[in-house]
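Examining the three-dimensional arrangement
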Amino acid sequence: MGATDSIRPEITILTDDDKERVLRQVRRRRGSCQHCGGEQFEVGDALFLGFLFHSEDSDAYMVALTCRNPACPTPRTGIRLPRSQLLAS
Amino acid sequence: MTEAMIQLGYPAWLRIEHWINVLFVTLLIRSGIEILATHPKLYRGYDSKPGTEWARFTRKTMPTDKLYDTLDEEESYSSLVALPGHKKLGMGRHWHFVTVIGWILTGLAYYILLFATGQWHRYIPYSWSIFPEAWNDVLTYLSFKLPPLLPGQPLDAIQKLTYAGVIFILAPFQILTGAAQSPAVEAHFPWYVRLWGGRQGVRSLHFVGLVAFIGFIAVHLSMVGLWGWPQLNALMIFGSVRELGWALAASLAIIAAIVAVHVGATVWSLRSPRTVQRALGFIINRGRLSFLRPMVSRQHYSPAQLSTEHRVNGKPPDSDDYKVMAVHNFVDWKLEVGGLVDNPMTFTLADLRALADKQTQRVMHNCVQGWSSIGEWSGVPFRTVVDLVKPLPQARHICFLTMQDTGRDEPSAEGAGQFYEIVDLNLAHHPQCLLAYEMNGQPLPIEHGAPLRLRIENQVGFKMAKWIERIEFISDYHGIGEGMGGWREDNVFYDKDVEV
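Residues numbered from 1 in each chain as written. Chains lettered and ligands numbered in written order. Predicted model: local features only at pLDDT ≥ 70, side-chain atom pairs only at ≥ 80, totals over all residues.

**Things to note about the overall build of chain A**
When helices and strands are tallied, chain A shows one helix and four strands. What you see in chain A, going N to C, is helices and strands ordered as β-α-β-β-β. Against the 2.2 N^0.38 benchmark of 12 Å for 89 residues, chain A shows a C-alpha radius of gyration of 13 Å, consistent with a compact globule. Oriented by its inertia axes, the alpha-carbon framework of chain A measures out at about 35 × 35 × 25 Å. The buried share among the 89 residues of chain A stands at 31%. For chain A, contacts bridging at least 24 residues in sequence account for 56% of all contacts bridging at least 6. (Helix = DSSP H or I, 4+ residues; strand = E, 2+ residues; numbered from the N terminus. Rg over C-alpha atoms; globule rule 2.2 N^0.38 Å. Buried ≥ 20, exposed ≤ 12 C-beta atoms within 10 Å, placed from the backbone. Contact = placed C-beta atoms within 7 Å.)

Right, here's the structure in full:
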């Protein structure tokens, strides 16, 4: 496994509980895929935005979501969440 | 004193060179301070790890909870001390480099004439006994008295030693330490940088040389005042002690002309930087391409020399598209390579990884601002991609288009628009010209250009575009942006070719 196959240095690995919290937020926000309208997602890992991007709140994360619709033309998307809604305290 | 000086004489060439030197040295000092202002911190060794500076000329403090880059650390100095002042690094570099060309030519002429006419007797000591004599002279000055002159010579011992030191040691020292800061020289002759204690060591030494020059000027003017300013001034105007009033008027006129050049250069640079960029760049570029372009990088730093913290210049693309790509490890990212090529291609990150054996290089990154870091970069040799897409015969340059929108992403930069940089096609074949997707054995970090950045190791850092999304082979760049060869060339007036 090469370095580029491995986890990026900026990525935060999410636990199953974290991922369940993300799905709850997606459902609460009635999130749907902007490309196919699908509402089922697989949750990946998170990217801490607060440090790297000057427009972002200091506790912001981008969480990887993948649309479960096999026909979706662009299944990879994401949801922006504050730390409090993502990680266990 | 005066009779002895008349005996040795002040030939016209020496007097003319003296005043030209005043102009050049003062231009070098002011433009050098402008260059210092862009990263007003000095370090030892090779890199510029934050917090390790031994001197700083700024009160700015940087945030710890937000990515900052070295543009945020830049200082704005007054035009009274910097040429042109007000955060105009591009202009400062143009003035520094064009002046140093003139200064070196003046210095060469001075050396030749000094030895051809016997004037070297003025400066070269005849015996080691001059050192204790010089020390006695220093003690005499400290007791507010004037020491005796050397027998049959126009100077006392400490003066003779000081002039010799400035002419034969300090001036070459500044030229040699300046040359050691060229990325092309450093890339081709890594031993030369080592000789001076590393890239930041030599930058610090260059600064010490600047301080020494300023100190020399202050002491020189004090000495002239102590020993008889009207007489010595007449010697430097007419070559003899006569017509002191006219000599005063002439010297004031010369000084006024030198001040006028400084004011003119400052106003021109602040009001019409594009014309300065074109005019001075035209002069500098001839020498740069002739002497420095052939210097191919052959750096191989050891793993132990890697910087523990590699500085950053430029902030990542602050768009949702980029952030979503990043959190998915750039699976959806694609690199388009086209333009004047026989075989346009599109690559994913996986395609690039599979394209050729990974090339790894441990090299020094030279920022245009003066900081440096050593990093290990891995990726695909750019020549591999060039060979695949087959540039057409009319292709002469390569344009790297990035995902960075400077107006959105980089508040500390002047200007807006998509960041791009253009390099000459011949650089693509350099053995250490790399499309890097890894840094220090890890996927390329976002702040360093993920997923792909360029490495051209004999150029200044800003040419090594980060966050690349498209590569275009072109025949001419004058229709792109402002037509100067890149975003920084368009907006902050740097040169397109930056071997120094």
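And the narrative resumes.
**So, the sheet that holds strand E4 (residues 76-82) of chain A**
Here we have four strands laid out as an open sheet, ordered E1-E2-E3-E4 (chain A), and antiparallel in their pairing. With one partner strand each, in any of the chains shown, strand E1 (11-12) and E4 of chain A form the two edges of the open sheet. Here strand E3 (residues 60-67) of chain A pairs with E4(A) via seven bridges, running antiparallel. For A:Tyr61, the partnering residue across the bridge sits in E4(A) and is A:Leu81. Against the sheet, helix H1 (residues 16-28) of chain A engages strand E2 (41-48), E3 and E4 of chain A, with an angle of about 95 degrees to E4(A). In this fold helix H11 (residues 320-327) of chain B packs onto E2, E3 and E4 of chain A, with an angle of close to 105 degrees to the strand it touches most, E2(A). (Pairing = 2+ DSSP bridges. Axes fitted to C-alpha atoms, helices over the stretch in contact; angles between N-to-C directions.)

**Topic: the confidence of the model for chain B**
All names here are of chain B. The share of residues in chain B with pLDDT of 70 or more is 99%, and the mean pLDDT across the chain is 96. Here residues 1-6 scores under 50 on pLDDT; set against residues more than four positions off or in separate chains, the count is 13 contacts. Among the prediction metrics, the complex's ipTM stands at 0.95, with pTM recorded as 0.94. (pLDDT = per-residue confidence, 0-100.)

**Structural notes on the sheet that holds strand E3 (residues 334-339) of chain B**
Residue and element names in this part refer to chain B. The five strands are arranged E4-E3-E12-E7-E8 in an open sheet whose pairing can be described as mixed. Looking at strand neighbours, the two that pair on one side only are strand E4 (345-348) and strand E8 (418-424), the edges of this open sheet. Each strand of the sheet is rotated relative to its neighbour by a mean of 20 degrees, with strand direction disregarded. Pairing of strand E7 (residues 397-405) with strand E12 (residues 468-474), which is carried by six bridges, proceeds in the antiparallel orientation. Its bridge partner being in E12, Ile398 is matched across the sheet by Phe473.

**So, the interface of chain A and chain B**
Listed per partner, the contact involves 24 residues of chain A and 25 residues of chain B. At the level of elements, E2, E3 and E4 of chain A are the ones that each hand at least two residues to the side of chain A that touches chain B. Looking at side-chain class alone, the side of chain A that touches chain B contains 11 nonpolar, nine polar and four charged residues. (Nonpolar A, V, L, I, M, F, W, Y, C, P; charged D, E, K, R; others polar.)

**Describing the pairing of E7(B)**
Regular strands place side chains that alternate from one sheet face to the opposite one. Residue and element names in this part refer to chain B. Most of E7 is tucked away, with seven of its nine residues classed as buried. Note: E7 against E8, six bridges, orientation antiparallel. Counted as the bridge partner of Phe400 is Glu421 from E8.

**Quick notes on H1(A)**
For H1(A), which comprises 13 residues, the first-to-last C-alpha distance of 18 Å matches the rise-based estimate of 18 Å (1.5 Å per residue) to within 8%. Two residues or fewer after H1(A) comes A:Arg30, characterised by a positive phi angle close to 55 degrees. (Expected span 1.5 Å × (residues − 1).)

**As for helix H5 (residues 157-179) of chain B**
All names here are of chain B. With 23 residues, H5 ought to run about 33 Å at 1.5 Å a step, and its terminal C-alpha atoms sit 32 Å apart, in line with that. Of all the bends found along H5, the most pronounced is centred on Val166 and spans about 35 degrees. When we look at burial in H5, the residues that qualify are Ala157, Ile158, Gln159, Lys160, Thr162, Ala171, Gln174, Thr177 and Gly178. Against the buried residues of H5 lie helix H3 (89-116), helix H4 (130-142) and helix H8 (199-238). (Bend = angle between axes of the 7 residues up to and from the residue.)

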